[in-house]
Amino acid sequence: MKIVIANDSHFKYAEIICDTIAESAKVRGTGIAKRTPEYIQKRLHNGNAVIALDGDKFAGFCYIEVWGHEKFVANSGLIVHPDYRNQGLAKRIKKEIFNLSRSKFPDAKIFGITTGLAVMKMNYELGYKPVTFSELTTDPEFWKGCQTCKNFDILTRTEQKMCLCTGMLYDPAIKTKASGMEKVNSKAFKRLKSIKESLFLSKKTK
């Protein structure tokens with residue numbers, strides 16, 4: 001298994017990347033911002049992605065989005081093919097894309113929004129902290145990407161202040177003890193997710 005910085009030679013994997021992301025979201029019943037093969041290929045061309053390959057077989061992927069004139073970057077689209085799950089590959093990919101982000105954009109704040117507890121834990125171990133949406137990028141193009149998510153109505157009715165996703169931020173200007181130095185409080189993340197689902201989904205059904 002190898003994880004490499006993606007380039008034009010990986011264009012042939014764009015469609016399976018999109019299909020794997022969409023299928024995973026469907027299985028989990030979570031919201032997702034849909035991406036096209038052309039969108040993925042642009043990230044491959046710019047060297048703003050990492051891809052995991054088992055020989056020539058696609059195993060996993062994650063890419064970088066740049067916002068606010070490089071003041072913010074997001075690590076998005078983290079996915080592992082079903083054949084390679086439960087092997088710790090997602091964590092390895094997450095670390096590689098984080099390191100690539102720090103290398104290419106050393107002064108940028110790295111952020112993400114997710115409903116996945118596993119991703120929250122990985123982010124926390126890298127030094128991310130849970131934050132309000134107001135601390136993330138205000139770039140309208142980023143939030144426009146949420147329009148294809150099934151929970152977009154929640155984001156709209158809260159005036160873009162909160163949603164089922166949790167915002168997490170790594171600020172390079174703040175020294176943190178990352179890489180597992182702090183114990184991850186899984187119960188706190190689960191409780192936060194439960195409170196949001198209870199609050200927003202109950203309003204939606206009324």
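Residues numbered from 1 in each chain as written. Predicted model: local features only at pLDDT ≥ 70, side-chain atom pairs only at ≥ 80, totals over all residues. Heavy atoms only, no water.

Here the focus is the packing of helix α3 (residues 89-104) against helix α4 (residues 117-126). As a packed pair, α3 and α4 sit with axes 11 Å apart at the nearest point and diverge in direction by 45°. In this view, α3 runs oblique relative to α4, as classed from their interaxial angle. In the crossing of α3 with α4, the sense of the turn from one axis to the other is right-handed. Residues Ala-90, Lys-91, Lys-94 and Phe-98 of α3 lie in contact with α4, whose contacting residues are Met-122, Asn-123, Glu-125 and Leu-126. Here the residues of the contact of α3 with α4 are counted per class, giving 4 nonpolar, 1 polar and 3 charged. (Axes fitted to C-alpha atoms, helices over the stretch in contact; angles between N-to-C directions. Helix = DSSP H or I, 4+ residues; strand = E, 2+ residues; numbered from the N terminus. Parallel < 35°, antiparallel > 145°, perpendicular 65-115°, else oblique. Left-handed = near helix turned anticlockwise from the far one by under 90°. Contact = heavy atoms within 4.5 Å. Nonpolar A, V, L, I, M, F, W, Y, C, P; charged D, E, K, R; others polar.)

On to the environment of Phe-98, then. One can find Phe-98 in helix α3. Here the alpha-carbon distance between Phe-98 and Asn-75, two residues 23 residues apart in the chain, equals 7.2 Å. Look past the residues within four positions of Phe-98 in its chain and what remains in contact with it is Asn-75, Ile-110, Leu-126, Tyr-128 and Tyr-170.

This part takes up the nonpolar core. Counting residues in each nonpolar core, the largest one holds 23 residues, and the members touching the most others are Val-50, Leu-89, Ile-93 and Tyr-128. Of all the secondary structure elements, the ones that give two or more residues to this core are β2 (49-54), β3 (57-67), β4 (72-80), α3, α4 and β7 (166-170). Ranked by residues supplied to this core, first place goes to α3 with 5 residues. (Core = buried A, V, L, I, M, F, W, Y, C linked by side-chain atoms within 4.5 Å. Buried < 20%, exposed > 50% of the residue type's maximum accessible area, 1.4 Å probe, protein only.)

Remember, this is a structural readout, not a statement about activity or role.
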